[in-house]
Amino acid sequence: MRVLGIETSCDETSAAVLDGAGDDVSLRSLVILSQDVHRIFGGVVPEIASRAHLTAVVPVTERALADAGAAPIDAVAVTNAPGLVGALLVGVSYAKAFAYARGVPVIGVHHMEGHLFATALEHPAAVPPFIALLVSGGHTLLLDVEAWGRYRLLGRTRDDAAGEAFDKVAKLLGLPYPGGPHVERLAAANESGRFRFARPMLRRDQSPGDSDFYDVSFSGLKTAVLNAVKSADDAERGPIARAFQDSLIDTLVEKTARAVARRHRSRVVLGGGVACNATLVAAMRERFAPRGVEVFAPSARLATDNAAMMARAGLFRLEQGERSPLDLNAFASQPIPGLVSA
Amino acid sequence: MITLAIDASTYEGDACVIVDGRVVAESAVAMKGLHDERLMPAVADVLDEAGLTTDAIDRIVCGAGPGSFTSLRIAGAIAKGIATGAHRPLFSVPSMALIVGGPDVPEGRYLAAIDALRGECYVSLYDRDASGRTDELEPARIVHAEEVAHIAESYGAHVISPTRSPNSIVARPRASAVVHLERMLAARGPVDVASWEPSYGRLAEAQVRWESTHGKPLPAG
């Protein structure tokens, strides 16, 4: 089956084409157009993003189709939740009409389910069962992926997402948006030890039944950074960045380790923009390698928002016999389909 | 000539099929406050009712606003999806022309008005002749709502608007009005499907604030 994927949930307009059946999938094309204008505002402006999607969606889709070669598509998969509703609606409306005109089905796909599939496009062994840590600007989710389509939510952030914490801390440190790469670079150039921030929501006495056993919280960490910045001089911003990143990564690694141990998994799959953080990936590998647990992380292109992962998740849903009606709508938030209670 | 026309400049969306100047199917849907998105089903419904597939369409005509940002984009994205999916040309017309050119509007000069929120209206001047043919005399601009009646009077025009107000004719944009806009369509020609966007009428609020603070246009990109 050849699937065209379309993704417009935030500030990337993306289209991709893949061929495949089951886990035997070949990515034929992937086009991602990032909207740089939001850097000026220090965050995504929904109305500007939505307008930009409408003028980008056709050239991006046509380029993806052209790059993939002449074979006709069999279905269109489009992100319909979660995200900025105005932005999502551009992709959803375009995808429905395009699929209708081509006489093929359309399937609405949950953005976070797409992230679960992203890594498998590059690493064929990154298939269930695995523990998934999805860390982006909008989400921080720790999931046990028992099988494709069967997800157990273990933990999530109670306030700021990991990527949001990077952006906010970058701002406090006078670094540009998006903050992740800048904070990581500054942290890498500094030794740890000068500052130390508490590991949020991480205590030895937590037990698996506790509601905060897997959950994370980064709002307090951000406040700790704010207080440190206020009482420090400019030369100490590097050590502060290092201490912040150490705390955030330690927390994520420890929570993931708890999930791996309790769920008896031998694979960890990372996804979302924060999975581009090489220090996080290295820390995960260092922690899990002695235990024989493999850690898979996608390349930057597939870690951040992209249509390839949406096409892949869409292929799975289509193979389950699912189709979306023409009244498919966009939603700012929606639970991942196939979520089983913990 | 088979035309698929759609508009969603207000909180009501409209789709219709026109075959050789005759409206063969038309459907109106609410665009706001719904759990489902109904404009695309309406497009499919009018094509079904006309007994046509998108392959039979010669062109798509989309209302270009101004009006509700999100609704305009839904209509625009659907129009682009069909235009590229079926490889057909896309045309656009001002949404206010779809008010004046609609059914049951008598011959005359009209100041079409659409609510622009914040106490303002988009207005545009039109002539409609005895055959129904509708021509734009002045393109859309934004004015204070209380000025609309006075502006219409200065032109010797009737106010026509989807919003009820004293001495105005109530009419909403109708996709079927495209039958009366052939001269306008011929003059405007097809749009570039990739780069086309509706006339939103206003910039995004964040852009207005940034440009006012910095005294220059927001860089593209």
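Reading the values: rules and limits
What you see as residue numbers is a count from 1 along each chain, following the sequence as written. Each chain gets a letter, beginning with A, and each ligand a number, beginning with 1, in the order they are written. With pLDDT at 70 or above as the cut-off, local features in this predicted model cover only qualifying residues; side-chain atom pairs require 80 or more to be listed or tallied, and sums for whole chains, interfaces and linings still use all residues. No hydrogens and no water enter the side-chain calculation; it runs on all heavy atoms of the structure. The secondary structure listing takes helices from DSSP runs of H or I that are at least 4 residues long and strands from runs of E that are at least 2 residues long, numbered from the N terminus. Restricting the calculation to C-alpha atoms gives the radius of gyration, and the globule rule supplies 2.2 Å times the number of residues raised to the power 0.38. The buried label applies to any residue whose accessible area, calculated with a 1.4 Å probe on protein chains only, is under 20% of its type's maximum; exposed applies above 50%, and partly exposed to all values in between. Every residue pair with non-hydrogen atoms within 4.5 Å of one another is taken to be in contact. Neither His nor the chain ends contribute to the count of charged residues, in which Lys and Arg are positive and Asp and Glu negative. To locate a charge, the coordinates of NZ of Lys, CZ of Arg, CG of Asp or CD of Glu are taken. Buried area is a sum: the accessible area each of two parts loses on coming together, probed at 1.4 Å, counted once for each and added. Salt bridges are counted wherever a side-chain nitrogen of Lys or Arg sits within 4 Å of a carboxyl oxygen of Asp or Glu. Polar contacts, as counted here, are pairs of nitrogen or oxygen atoms within 3.5 Å of one another; within protein the pair requires one atom able to donate a hydrogen and one able to accept it, and residues that are adjacent in sequence qualify only if both atoms are side-chain atoms. When residues are sorted by character, Ala, Val, Leu, Ile, Met, Phe, Trp, Tyr, Cys and Pro go into the nonpolar class, Asp, Glu, Lys and Arg into the charged class, and all the rest, Gly among them, into the polar class. Note on definitions: angles span 0 to 180 degrees between N-to-C directions of axes, and those axes are lines fitted to C-alpha atoms, for helices only across the stretch in contact. An angle counts as roughly parallel when it lies under 35 degrees, as roughly antiparallel when it exceeds 145, as roughly perpendicular when it falls between 65 and 115, and as oblique in every other case. In this scheme the handedness of a crossing depends on how the near helix is turned from the far one: anticlockwise by less than a right angle means left-handed, clockwise means right-handed. Per the annotation, domain bounds derive from an automatic or database assignment of domains.

Enquirer: Describe the overall build of chain B, with residues and values.
Expert: Each helix and strand in chain B was counted, giving six helices and ten strands. Its C-alpha atoms give chain B a radius of gyration of 17 Å, near enough to 17 Å, the size a compact globule of 221 residues would have. Projecting the C-alpha coordinates of chain B onto the three principal axes gives extents of approximately 50 × 45 × 35 Å. Per-residue burial for chain B yields a buried fraction of 55% across its 221 residues.

Enquirer: Mind laying out the overall build of chain A, listing which residues take part and the relevant values?
Expert: Per the secondary structure count, chain A includes eleven helices and eleven strands. Over its C-alpha atoms chain A spans a radius of gyration of 20 Å, differing by no more than 12% from the 20 Å that the globule rule assigns to 342 residues. Each principal axis of the C-alpha atoms in chain A carries an extent, and together these give about 60 × 45 × 30 Å. Looking at chain A residue by residue over its 342 residues, the buried ones come to 59%. Pairs at least 24 residues apart make up 74% of the contacts formed inside chain A by residues separated by at least 6 positions. Each charge class in chain A can be summarised by its mean position, and for the 36 positive and 37 negative side chains these summaries are 3 Å apart.

Enquirer: Outline the interface of chain B and chain A, listing residues and values.
Expert: On the side of chain A, 31 residues touch chain B, which itself brings 40 residues to the contact. Both faces combined, the contact of chain B with chain A buries some 2900 Å², and carbon together with sulfur accounts for 67% of it. By the criterion of area lost to chain A, the three top residues of chain B are Met40, Arg73 and Thr84 of chain B, representing 19% of everything that side buries. Where chain B touches chain A, the interface holds two salt bridges. Notably, a salt bridge pairs Glu37 of chain B with Lys96 of chain A, separated by 2.7 Å at the nearest N-O pair. Applying the counting rule to chain B against chain A returns nine residue pairs in polar contact (both at pLDDT 80 or more). Looking at the side of chain B that touches chain A, the element that brings in the most residues is helix α2 (residues 69–85) of chain B, giving twelve residues. Residue composition of the side of chain B that touches chain A, by class: 22 nonpolar, eleven polar and seven charged.

Enquirer: So what's going on with the pattern of salt bridges? Residues and values would help.
Expert: Tallied over the entire structure, the rule returns 38 salt bridges over all chains. Measuring nitrogen to oxygen at the nearest pair gives 2.9 Å for the salt bridge that ties Arg73 of chain B to Glu47 of chain A. You can see Arg73 of chain B sitting in helix α2 and its partner Glu47 of chain A sitting in helix α2 (residues 46–68), one on each of two chains. Given a relative accessible area of 2%, Arg73 of chain B falls into the buried group. Take Glu47 of chain A: its relative accessible area is 17%, and that puts it in the buried class. Measuring nitrogen to oxygen at the nearest pair gives 2.1 Å for the salt bridge that ties Glu236 of chain A to Arg194 of chain A. Here Glu236 of chain A, found in the loop between α7 (219–231) and α8 (237–263), pairs with Arg194 of chain A, found in the loop between α6 (180–188) and α7; they are 42 residues apart in sequence, far enough to count as distant. By relative accessible area, Glu236 of chain A is classed as buried at 14%.

Enquirer: Describe the packing of helix α1 (residues 39–50) of chain B against α2 of chain B, listing the residues and the values that go with them.
Expert: Residues and elements named next belong to chain B. In the contact formed by α1 and α2, the axes pass within 10 Å of each other and the chain directions differ by 45°. As far as their axial angle goes, α2 and α1 are oblique. Considering only the axes of α1 and α2, their crossing is right-handed. Of α2, the residues touching α1 (which contributes Leu39, Met40 and Val43) are Ile74, Ala75, Ile78 and Ile82. In terms of residue class, the contact of α1 with α2 is made up of seven nonpolar, no polar and no charged.

Enquirer: Could you give an account of the domain arrangement of chain B, with specific residues and numbers?
Expert: Residue and element names in this part refer to chain B. Along its sequence, chain B is carved into domain 1 (2–95 + 174–204) and domain 2 (97–170). Computed over C-alpha atoms, the centres of domain 1 and domain 2 are 21 Å apart. Each side of the interface is counted separately: domain 1 has 21 residues, and domain 2 has 23 residues. The contact between domain 1 and domain 2 buries some 1700 Å² in all, and 58% of this surface belongs to carbon and sulfur atoms. If you sort the residues of domain 1 by the area they bury against domain 2, His180, Arg183 and Arg202 come out on top, with a joint share of 38%. Inspection of the region where domain 1 meets domain 2 yields two salt bridges. Between Asp135 and Arg183 there is a salt bridge, with the nearest N and O atoms lying 2.6 Å from each other. Scanning the region where domain 1 abuts domain 2 turns up twelve residue pairs in polar contact (both at pLDDT 80 or more). Its residues assigned to classes, the side of domain 1 that touches domain 2 comprises nine nonpolar, eight polar and four charged.

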